[in-house]
Amino acid sequence: MESYLGKWTNSDDYVAALARKRTARRGRGRGREASRRTQPESPRFGLSTLPYLALIAGLAVLTVAIAVAAFPGSQPEHKAPQLPPHEQGTAVKGWLQEAQREFHR
């Protein structure tokens, strides 16, 4: 007689046992399958679609507000900086030598 462990080394016996196990599982589940729903539950508007519509509406309002705020007509005009008139000046004697000494320190 073959041992119990030796029987599972043959691949045909292993596959046949798996098939019997699957068939037995299917036979037990027949009653439950009939009571199970075949159609998925219809999605609720408030939980599925409404949040996305609210998000899209909020982003649209935000986009319009940014476009209005950024429109060039609503910004104050910038004035050109007033430069002081150019004045001719005189330098103190020896300023160049003093600057060169500062530079070479």
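Every value quoted in this text rests on a predicted model; they were computed, and no experiment measured them.

**A short note on the overall build of the protein chain**
Phase 1: The number of helices and strands found in the protein chain is six helices and zero strands.
Phase 2: Along its sequence from the N terminus, the protein chain presents helices and strands in the succession α-α-α-α-α-α.
Phase 3: Within the protein chain, the proportion of its 105 residues that are buried is 2%.
Phase 4: Total accessible area on the protein chain stands at roughly 11,100 Å², and carbon and sulfur atoms take up 61% of it.

**Topic: the confidence of the model for the protein chain**
Phase 1: A residue-level look at the protein chain finds 81% of positions with pLDDT of 70 or above and a mean pLDDT of 79.
Phase 2: Mean pLDDT values over the elements of the protein chain span from 54, in helix H3 (residues 30–35), up to 94, in helix H5 (residues 50–70).

Cut-off values and rules
- Residues numbered from 1 in each chain as written.
- Predicted model: local features only at pLDDT ≥ 70, side-chain atom pairs only at ≥ 80, totals over all residues.
- Heavy atoms only, no water.
- Helix = DSSP H or I, 4+ residues; strand = E, 2+ residues; numbered from the N terminus.
- Buried < 20%, exposed > 50% of the residue type's maximum accessible area, 1.4 Å probe, protein only.
- Areas by Shrake-Rupley, 256 points an atom, 1.4 Å probe, with all protein chains shown as cover.
- pLDDT = per-residue confidence, 0-100.

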